[in-house]
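Fold and contact review
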Amino acid sequence: LNENRISTADVFIFKHDGTLNPDGYAHGEGSGPVTVYSGSNWLDNFSEDDAPFSVYVVANYKGSATLSSVTSLDDLKAVTATDKDIVYFFEGMNTGNGAFSGKSFLMDGHTEVDYATLAAAPDGQVYDISVPVRRAAAKVELTLQFSDDWKTKYAASNLLAQVVNYATVTPALADGNPLDASRLGYQSTPDNGGAAEDNFTGGFVTRGANGAIEGSTVRFYAYVNRWDELVENETMLLIDLPGTYYGEDGQQQAGENYAHNFYKIPFIGN
């Protein structure tokens, strides 16, 4: 699903006091190495008194901050990223207008390096620092399976879903400043427009074998959030499972058709 694709990478090198090392910022495009300092005298940019150095990477940044203006680690911890479509669209998803392409995910990571390690690099040689990064968004998958008892009582005709109150804003760093509910940019998808029962989609539902509803997977992405928030901010998955209900006697009797049949699946705090 191209969840590891990196299109941009912003690199920061901070002194031990949290200030940016001189010219310690670089922006890179694509997945290749990003050069912060060049030339054979690159070690002149470092002072032993400023060690150890923290190297931070922010990949695939989307937001309003000007990352080149960051002058301290505190500045970077205050940066937020915004992606209103984070919950929706996965690579190859059928949008009705063809397969979706171009999904990207905010990632970040950091590592530390001491002055002695830098100074030990051979003269004139490139010194590579590898920084592992992790996605800011979690992938959530719900697979729907029916019990034998339920299958005798109910024949589902469709499966639609809605994600309510998901966060569209997140700190750019995993250890960035936490955001309260007023800054998380809560949104629901599909948008809350028209009749409430129509705010559902089959877009992020992948049907089970041979198109069967049983075994279907609802897949979406979500930024970290407080799952035990106040009810008006609660992030949850709603599903609509219309179909025919046959009752306790099973499908030996005439059933009652349900145009809608709603279930709430909350995110549990632990």
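Above this text is the structure in question.
The rules behind each value
Residues numbered from 1 in each chain as written. Predicted model: local features only at pLDDT ≥ 70, side-chain atom pairs only at ≥ 80, totals over all residues. Heavy atoms only, no water. Helix = DSSP H or I, 4+ residues; strand = E, 2+ residues; numbered from the N terminus. Rg over C-alpha atoms; globule rule 2.2 N^0.38 Å. Buried < 20%, exposed > 50% of the residue type's maximum accessible area, 1.4 Å probe, protein only. Contact = heavy atoms within 4.5 Å. Areas by Shrake-Rupley, 256 points an atom, 1.4 Å probe, with all protein chains shown as cover. Salt bridge = Lys/Arg side-chain N within 4 Å of Asp/Glu carboxyl O. Pairing = 2+ DSSP bridges. Axes fitted to C-alpha atoms, helices over the stretch in contact; angles between N-to-C directions. Lys, Arg positive; Asp, Glu negative; His and termini not counted. Polar contact = N/O pair within 3.5 Å; in protein donor to acceptor, adjacent residues only side chain to side chain.

A few points about the overall build of the chain
Secondary structure summary: the chain contains three helices and 17 strands in total. Expected size for 270 residues packed as a compact globule is a radius of gyration near 18 Å; at 24 Å, the chain overshoots this value by more than 25%. Along the longest, intermediate and shortest principal axes, the C-alpha atoms of the chain span 85 × 40 × 35 Å. Within the span of the chain, comprising 270 residues, buried residues form 42% of the whole. Within the chain, residue pairs in contact and separated by at least 24 positions form 69% of the contacts whose partners lie at least 6 positions apart. Working note: accessible area of the chain is about 14400 Å², and carbon and sulfur atoms make up 46% of it.

So, unusual backbone geometry
Look at the link from Ala51 to Pro52: it is a cis peptide, with omega at -5 degrees. For Pro52, the location among the structural elements is in the loop between β2 (20-29) and β3 (53-59). Of note, the bond from Thr189 into Pro190 is cis; its omega dihedral lies within 30 degrees of zero at -5 degrees. Checked against the element boundaries, Pro190 lands in the loop between β11 (187-189) and β12 (205-206). Despite not being glycine, Asn165 shows a phi value in the positive range, around 60 degrees. Inspection of the secondary structure assignment puts Asn165 in strand β9 (residues 160-166).

As for the pattern of salt bridges
All chains considered together, the criterion is met by ten salt bridges. Here Asp148 and Lys151 are joined by a salt bridge, their closest N and O atoms 3.6 Å apart. Taken as a pair, Asp148 and Lys151 lie in helix α3 (residues 148-153) at a separation of three residues, close to a single helical turn. Its relative accessible area of 60% is what places Asp148 among the exposed residues. Assessed through its relative accessible area of 32%, Lys151 is described here as partly exposed. Between Glu234 and Lys264 there is a salt bridge whose closest N-O contact spans 3.3 Å. Here Glu234 is found in the loop between β13 (217-223) and β14 (236-240), whereas its partner Lys264 is found in strand β17 (residues 262-266), with 30 residues between them in sequence.

What about the sheet that holds strand β16 (residues 256-258)?
The three strands lie next to each other as β8-β15-β16, forming an open sheet whose pairing is antiparallel. This sheet does not close on itself; its edge strands, each paired only once, are β8 (154-156) and β16. On average, each strand axis in the sheet is inclined to that of its neighbour by 20 degrees, with strand direction left out of account. Relative to strand β15 (residues 243-245), β8 is paired through three bridges, and the arrangement is antiparallel. From the neighbouring strand, Ala156 faces β15, where its bridge partner is Gly243.

A word on the side chain of Asp10
Summarising the element assignment, Asp10 is placed in strand β1 (residues 8-14). We note that Asp10 is buried and unpaired, the nearest opposite charge coming from Lys62 at a distance of 13 Å. Side-chain polar atoms of Asp10 contact the side chain of Tyr25, separated by 2.5 Å. Looking at Asp10, its side chain comes within polar contact range of the side chain of His27, at 2.9 Å.

With respect to the pairing of strand β5 (residues 107-113)
Two strands pair when backbone bridges link them, and β3 and β5 are joined in this way by seven bridges, in the antiparallel orientation. Looking across to β5, one finds that Val57 is bridged to Gly109. With two bridges connecting them, β5 and strand β6 (residues 134-135) associate as antiparallel partners. In the strand pairing of β6, Asp108 is matched with Arg134.

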